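Single-letter residue listing:
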Amino acid sequence: MRRVKRKLRAAVTAAAATTLAVGVLGSAAAAQSGPARMPITGTHPAWAIPSARVSAQAVTTGTVAARVYLAGQNQAGLAAYAMAVSTPGNTQYRHYLTPAQVMAEYGPTAGQVSAVRSWLTGADLTVTKVEDEIGGYVEVEGSVQAAARAFGVTFGTFMGPGRQADRAPAQAATAPASVASAVLTVSGLDTATHNMKPADTLPPPGSNYWIAPPCSEYYGQKIAVSEPSAYGQKQPWTNCGYTPRQIRGAYNVTQSGMTGKGQKVAIVDAYASPTMLSDANDYAQVTGDKPFRAGQYTQDLASAFTGTAADECDAQGWYGEESLDVESVHGQAPDANVTYVGAASCSDEDLAAALALVVDNHLASIVSDSWGEPYDQATIVPVYDLIFAAGAAEGIGFFFSAGDNGYESPAEDPSSDQLQVDWPDSSPYVTSVGGTSLAIGPSHNYEFETSWGTVLDPLASGGKSWEFTPPGEYPQYYDGSGGGGVSTAFTQPSYQAGVVPASLATSLPNGTTSPTPMRVVPDVSAVADPSTGFLVGQTTLQPNGTSYAFSLSRIGGTSVACPTFAGIEADAQQAAGHALGFADPAIYQRYGTSAFHDVTDHPFGPGYLAEVRNNYTDPATQTGPLITYLRTLGGDGEGAAALPAVKGYDDSVRP
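Predicted, not measured: the structure shown is a model, and the values here were computed from it.

Peer 1: Whenever I open this one, the pairing of strand E24 (residues 485-491) confuses me. Can you help?
Peer 2: Two faces, one strand: in a regular strand the side chains alternate between the faces of the sheet. Among the 7 residues in E24, 5 count as buried, and that is most of the element. Pairing analysis gives 3 bridges linking E24 to strand E25 (residues 518-521), with the strands arranged antiparallel. Bridge pairing links threonine 491 to methionine 518 in E25.

Structure, rendered in C-alpha cells:
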C-alpha cells in the first residue's frame, strides 16, 4: 500500500463520531477580544504542544498558503441520508441522488462562499482559487501576520512529526461566529514537511523486482525437497505470482459468469504512469485475458504534477501502484469501464481533490484506493468524510486498503509514536479491505486461506537447517501483515453492531478499554500476502541500467486486496443489476452466510503453514547469490501490533 507523504500536515483532534464530523465546534466562543469567534476542527496539530516548543518566540514572518474548506449545508442530514440509501431494508435504500441533487441539498451556497471570501480578504489574505462543489474550498495566500489575524492564532516553532522544527499554530484556529457555520476545516497552517516543488514532466519508471527461481504456478506445485524441513515436513516453493484468471476461479467469479459488464470503476492514485494502457494490454495478453477495448480505459489527470522526487512523493513508486490497481480491477472485471484519476501529488489535499472529482462528476459507482497513512498524521479528516458521505448518497462505494503492518506502529512509521489504525480506511463511510494468504490449486480452485501475517527464517549457514526454527517452533523475524484494529476516533457505526464482538470493539490499541464500542477494521479481506502474491506487469528499467521494457514481477500487500475486491464488486453489481453503493451495511447483513469465507490463522487446526522462497541479492539486476527464506504464514502482526484471526469477526481479516 502506498504511504501518503504530505506537504501539509495537521493532526486532527476532533472528538470521535460515527456521523459526519461537524466542521466548527460550537461549544463556546474563543477567549479573545473582538467579535465572538468559534474554533475550527482539526486546525491545532497534536504535536504542537508546549513541551515540543523549540523556541519561546512567536513566529511573525514568512508566508502562509491555506485552504479553507467549505462545510456546505445540513451535514447531519447528509450523514443520515448516506446511511439510509446504503442500508438494505431501509425505505430509502438505493434512492440515490444525482450530483446536482447532492449539490443543491448539501453543497456550499453562493452566500457561504461570499462570506468566507469577505472574511479572509478582510484580514489581508489574497484569494488564489475557489472550488465551490462538494469538497470545495477557498484557497488563500498571505503573510504569517495576516493569517494570524484571520484565524485568531499565534504561530510558534515546534518539533514536528518528521523530527524537525516546523511552524504551527499554538492553538486551534477560529472563525468569526457570523461565518463559522460555512467552514469545515483549514489546511496549510503548519509546515510539517518540505513544500513540494512544481515539476513539468514525470520521471521515468524505476527498476523491476525480478522473481528468483524456483517458484510454483499454483500453491504446492513444487516442493523444496532439497531444503530443510519445517514443522515436520518439506514445504512448497512460493508461487511465481497468481494471475487474474486464477484469482477469479478461487473467488468464484469465473463460476458466476460475471465480467463487470456495464459497470464503471474509478481508481484514484497520485501521478500517472506514462505507459499504463500499453502495459495493461500487454499484461492481459501475457496472462491469457482480453486487453482493454477502445475507450474502455480512460484517464482524468491533474493539470500539473508536483512533489515527484523520491524524497517527496516518489512518483516512480506510484507508477507501480497504478499498474497493480488497473491490472487487478481489469483482471477481476474484464468488461467493466475503468477510469484512472491521477492526483497532482500525494498530499492529503490533492488526493481529496481527486476523490471529490469522482463524486462531483459521478465518474464511477466503485472507487478503489490503495493508499493511506496513520490516523494521527491525517489532515482534513472532515473533508474526506464529507466526500465519502456525498458519494454514498449518490450510490458510490469507496474501497481502501487497510495497511500492511497489523496496527500502524512506530516500527513502520517512525514519525508516529503510537499503535493506531490507518486512515482513510477507518472512516465509517468506506469499506476497509484487509489481507489474506491464499492457496489456489491446479484447477484455479480455492484450497484454503489464512490471515496475512508472514514471519521469515533465513537458511542457516551450511544449508542444513533454518536459522531460528528448530522443528515445531515458530520463527520471530516479522515481514508484514494485513492492517486493522480498533479506531480511537470513530464510534461504532450501526452496521457493525451485533456482528463485531463488544470485547473487541472496546479494546483500544493502547491497552485501555473504551466505555463505548468503536469502529473496527477491516471490513473484508482478500489475497495480499507476497508469499501467495499477484503477478503484475509494468514498463521498468532493465538490469543493464539503460533500457526500458515491459516486465513481470510478483507483488503483495493490501494494495492487491483492495483493487481485487473492487473488481469483484463490479461483478456483483452486474449480477444485482444496479449500483450497490457504500457496501458495508449490506456486507455486515450477510455475516455468517456463504457469501464469505471465515478466515482464521490456522485453517487446519493447530500447527503452522509455510513456504520457501528465494530472493536475488539485488532483485533489480538479477544478481546473486540467491538468499533462501522459510516464510511462515498466519501470524498477523508482531508483539503489541498483532491482530489474531479467530472464528467469527476479527480485526485481522473480516469473514
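Picking up where we left off.
Peer 1: How should I be thinking about the nonpolar core in this particular structure?
Peer 2: In a soluble, globular protein the nonpolar side chains are often hidden away together inside. Counting residues in each nonpolar core, the largest one holds 117 residues, and the members touching the most others are Val268, Leu355, Val367, Trp371, Tyr384, Phe388 and Phe398. The greatest single-element share of this core, amounting to 10 residues, is contributed by helix H10 (residues 381-394). Within the second largest apolar cluster, 31 residues are counted, among which are Val68, Ala147, Ala175 and Val186.

Peer 1: Any chance you could explain unusual backbone geometry here in plain terms?
Peer 2: Most peptide bonds take the trans form, and the phi angle of most residues other than glycine is negative. Backbone torsion omega between tryptophan 423 and proline 424 reads 10°, so that peptide bond is classified as cis. Note on placement: proline 424 falls in the loop between strand E19 (422-423) and strand E20 (431-440). In this model, glycine 624 is joined to proline 625 through a cis peptide bond whose omega is 5°. Relative to the elements of secondary structure, proline 625 occurs in the loop between strand E29 (610-615) and strand E30 (627-632).

Peer 1: I would appreciate a short explanation of the confidence of the model for the protein chain in the present structure.
Peer 2: Keep in mind that low pLDDT regions are not for reading the predicted coordinates in detail. Confidence in the prediction of the protein chain, expressed as mean pLDDT, is 88, and 88% of residues score 70 or more. Throughout residues 194-201 the model reports pLDDT below 50, and contacts reaching past four residues in sequence, or to other chains, amount to 19 contacts. Scored below 50 in pLDDT, residues 637-641 shows 13 contacts in the model against residues more than four places distant or in partner chains.

Peer 1: Mind showing me how you'd approach the state of the cysteines here?
Peer 2: Defined simply, a disulfide is a covalent bond joining two cysteines at their sulfur atoms. Taken as a whole, this structure holds 2 disulfides when the rule is applied. Between the sulfur atoms of cysteine 215 and its disulfide partner cysteine 240 the distance amounts to 2.1 Å. Across the S-S bond of cysteine 215 and cysteine 240 the torsion is about 100°, and the bridge reads as right-handed. A residue pair is termed long-range when its members are at least 10 positions apart, and cysteine 215 in the loop between strand E11 (198-199) and helix H5 (244-250) and cysteine 240 in the loop between E11 and H5 qualify at 25 residues. Residue cysteine 215 shares its accessibility class with cysteine 240, and that shared class is buried. Disulfide pairing is shown between cysteine 313 and cysteine 346; the S-S distance is 2.0 Å. A torsion of -85° about the S-S bond marks the disulfide between cysteine 313 and cysteine 346 as left-handed. Of the two residues, cysteine 313 is situated in the loop between strand E14 (305-306) and helix H8 (315-332) and cysteine 346 in the loop between strand E15 (337-343) and helix H9 (348-361); the sequence distance between them amounts to 33 residues. An identical accessibility class is assigned to cysteine 313 and cysteine 346; each is buried. Look at the protein chain and number its bonded cysteines as they come in the sequence; the links are 1-2, 3-4.

Peer 1: I keep staring at helix H4 (residues 144-151) and nothing clicks. Help me out?
Peer 2: For the α-helix, the turn length of 3.6 residues means that residues three or four positions removed from each other point alike. Along H4, the residues that are buried comprise Val144, Ala146, Ala147, Ala150 and Phe151. Down the axis of H4, the sector holding all buried residues measures 160°, keeping them to one side. Just downstream of H4 lies glycine 152, where phi reads positive at about 65°.

Parameters at a glance
Residues numbered from 1 in each chain as written. Predicted model: local features only at pLDDT ≥ 70, side-chain atom pairs only at ≥ 80, totals over all residues. Heavy atoms only, no water. Buried < 20%, exposed > 50% of the residue type's maximum accessible area, 1.4 Å probe, protein only. Helix = DSSP H or I, 4+ residues; strand = E, 2+ residues; numbered from the N terminus. Pairing = 2+ DSSP bridges. Core = buried A, V, L, I, M, F, W, Y, C linked by side-chain atoms within 4.5 Å. pLDDT = per-residue confidence, 0-100. Contact = heavy atoms within 4.5 Å. Disulfide = S-S within 2.5 Å. Arc of directions from axis to C-beta.

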